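For reference, the chains in residue letters:
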Amino acid sequence: MAVAIGGDETGAIVGDVGHLVSKFGFAGEDAPKCVVASTLGRNGPLPEFRPIDISDPKSYESEYTPSDIARPTYSEIVLPTNTEPATPLRDGDFDDWCVVEELWARAVARMKVDARNHPVLAAIPSWTTSQSQEKYLEMIFETFDTPAAYLSRSAALAAFSIGRSSALVVDCGAGTTSAAPVVDGYVLLKATRRSSFGGNFLDAKVLEKLEEVVPRCVVRERCRGRDVDLGPLRRYAELEVAREVKESLSSGPIELPDGTTIDPTEFQEVPDHLFTVDDGLPSLLRAALERSDVDVRKDLLQSVVLTGGGSLFPGLADRLQHELSSRLASSFKTKILSASSIERRFSVWIGGSILASLGSFQQMWLSRAEYMEDGPLAAQERWN
Ligand SMILES: Nc1ncnc2c1ncn2[C@@H]1O[C@H](COP(=O)(O)OP(=O)(O)OP(=O)(O)O)[C@@H](O)[C@H]1O
């Protein structure tokens, strides 16, 4: 049954809940309206993580005694509590539905919309289980009471974002790295490969390196002049610092409050870990290609879509190109299609925005009435 909803007029909401960053906005727009951290506090709000503005010495001088400044402190936890970080996904699939629901609720509130009037297109990890899909639909219809919904595999959306319906999508996210062949808009599930080595894994590697080059403490466990026990938040805070450093590497040297300078070249080998671990990018790519039909391999290699925030790590795209052309596909020409850095961070969302605003897509929505009548399994049969 075709459903006359969606498109630009009714403003479908598009959401992509990721391990680290969640993106929400209106279909037809170029970029998400609401980009939020996916990590929430389990027993209360997470402490405010307040990076020091290194360009303004006053922002830290007032809080630190000279001896404190002598101990390099890149960031400070302001209000420690007994809370724990909670994330919506773990190891590539949805894990904590309370967090997923809370992120959607906050997004809908921030976008100032009544979800009951807007169809929802949600991106799902390409390999997500049918139980997760069922749960997602249940949440969309039963908690948010939307008129229609559609779940779309993220690799297909990333390909659409760059105008392709067939591509080999290499996604370097926070929680996962994956290689997914997409042919005519469908993700080849049997050929899709992923590993849990993503941006979060690189944060841990940056932290190790940071502790070598800045041998004293990176995160100081202090609150309002007193030493405090950060408990489980300590690791979280350290990795946040490492992530900040990692995301600043492309902008040149980073200066710490005590004047210590971090040289980005010290970190240039960090992305190599994504290539050298077992289940690293070369083996994901090889397995994805081997499991794809011989007829489509050449086309896939000519449309390699590199996406995900992790792909912004300086040097990663070049290393991927080298790996593809010298080792994996020496007899075929390869072409990496990578968008601008902003688009790469949001490709899955952008693909969803494009798809949900196409006139030809409007008949694909699962209406609330259909969901109530046929249940979530019927939807999966239709979409998969
Ligand atoms: N400039 C940058 N340099 C290096 N890494 C970056 C940069 N900007 C963002 N990242 C990393 O990209 C990752 C987030 O990317 P993305 O938003 O695609 O992931 P996600 O959707 O949260 O995760 P997943 O796709 O695994 O669910 C984080 O690890 C983040 O640190």
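Remember, predicted model here, so these are calculated numbers, not experimental data.

Cut-offs and rules
- Residues numbered from 1 in each chain as written.
- Predicted model: local features only at pLDDT ≥ 70, side-chain atom pairs only at ≥ 80, totals over all residues.
- Heavy atoms only, no water.
- Pairing = 2+ DSSP bridges.
- Helix = DSSP H or I, 4+ residues; strand = E, 2+ residues; numbered from the N terminus.
- Contact = heavy atoms within 4.5 Å.
- Axes fitted to C-alpha atoms, helices over the stretch in contact; angles between N-to-C directions.
- Near = heavy atom within 4 Å.
- Polar contact = N/O pair within 3.5 Å; in protein donor to acceptor, adjacent residues only side chain to side chain.
- Nonpolar A, V, L, I, M, F, W, Y, C, P; charged D, E, K, R; others polar.
- Buried < 20%, exposed > 50% of the residue type's maximum accessible area, 1.4 Å probe, protein only.
- Expected span 1.5 Å × (residues − 1).
- Parallel < 35°, antiparallel > 145°, perpendicular 65-115°, else oblique.
- pLDDT = per-residue confidence, 0-100.

A. Broad picture of the sheet that holds strand S10 (residues 120-124). Spatially, the 6 strands line up as an open sheet ordered S3-S2-S1-S10-S11-S23, and their pairing is mixed. Of all the strands in the sheet, just strand S3 (34-37) and strand S23 (366-367) have a single pairing partner and so form its edges. Here strand S1 (residues 13-17) pairs with strand S2 (residues 21-26) via 5 bridges, running antiparallel. Among the inter-strand pairings, valine 14 is bridged to a residue of S2, identified as glycine 25. Across the sheet, helix H4 (residues 97-110) lies against S1, S2, S3 and S10, angled at about 140 degrees from S1, the strand it touches most.

B. Up close: the site of the ligand. Around the ligand sit 18 residues, and of these His19, Leu20, Lys23, Lys246 and Glu247 come closest. Here an oxygen atom of the ligand and a backbone polar atom of threonine 176 are 3.2 Å apart. Glutamate 247 places a side-chain nitrogen or oxygen 2.6 Å from an oxygen atom of the ligand. Within the residue set of the shell around the ligand, elements represented by two or more residues are S2 and helix H8 (233-248). With 3 residues, the single largest contributor to the shell around the ligand is H8. Of the residues contributing to the shell around the ligand, the split by class is 5 nonpolar, 9 polar and 4 charged.

C. Seen up close, the environment of glutamine 133. With respect to the element layout, glutamine 133 can be found in helix H5 (residues 130-143). Glutamine 133 gets classed as buried once you look at its relative accessible area, which sits at 3%. Taking the C-alpha atoms as reference, glutamine 133 lies 9.4 Å from phenylalanine 94; in sequence the two are 39 residues apart.

D. Region of the structure containing H5. Here H5 is 14 residues long and its end C-alpha atoms lie 19 Å apart, about the 20 Å a rise of 1.5 Å per residue gives. Those residues of H5 lying buried are Ser132, Gln133, Tyr136, Leu137, Met139, Ile140 and Phe141. Positive phi appears at aspartate 145, one or two residues downstream of H5, with a value of about 55 degrees.

E. Region of interest: the pairing of S3. Here S3 shows a buried face lined by Cys34 and Val36 and an unburied face lined by Val35 and Ala37. As defined by bridge partners, S2 adjoins S3 across 4 bridges and the pair is classed as antiparallel. Considered in S3, the bridge of serine 22 is made with valine 36.

F. Focus on the packing of helix H6 (residues 154-161) against helix H13 (residues 341-357). At a closest axis distance of 7 Å, the pairing of H6 and H13 adopts a crossing angle of 75 degrees. It follows from the interaxial angle that H6 and H13 lie roughly perpendicular. Of the residues in H13, those in contact with Ser154, Leu157, Ala158, Phe160 and Ser161 of H6 are Ser347, Val348, Ile350, Gly351, Gly352, Ile354 and Leu355. Residue classes in the contact of H6 with H13 are distributed as 7 nonpolar, 5 polar and no charged.

G. Just the environment of glycine 92, in detail. Position of glycine 92 among the secondary structure elements: in the loop between strand S8 (89-90) and strand S9 (93-94). For glycine 92, a relative accessible area of 1% puts it in the buried group. Residue contacts for glycine 92: discarding those within four places in its chain leaves His19, Pro125, Trp127, Thr176 and Arg194.

H. Main features of the confidence of the model for the protein chain. Looking at the protein chain, pLDDT values average 82 and 79% of them are 70 or higher. Scored below 50 in pLDDT, residues 49-80 shows 78 contacts in the model against residues more than four places distant or in partner chains. Taken as a whole, residues 221-225 scores under 50 in pLDDT and shows 15 contacts with residues more than four places along the chain or in a different chain. Complex prediction metrics read pTM 0.87 and ipTM 0.98.

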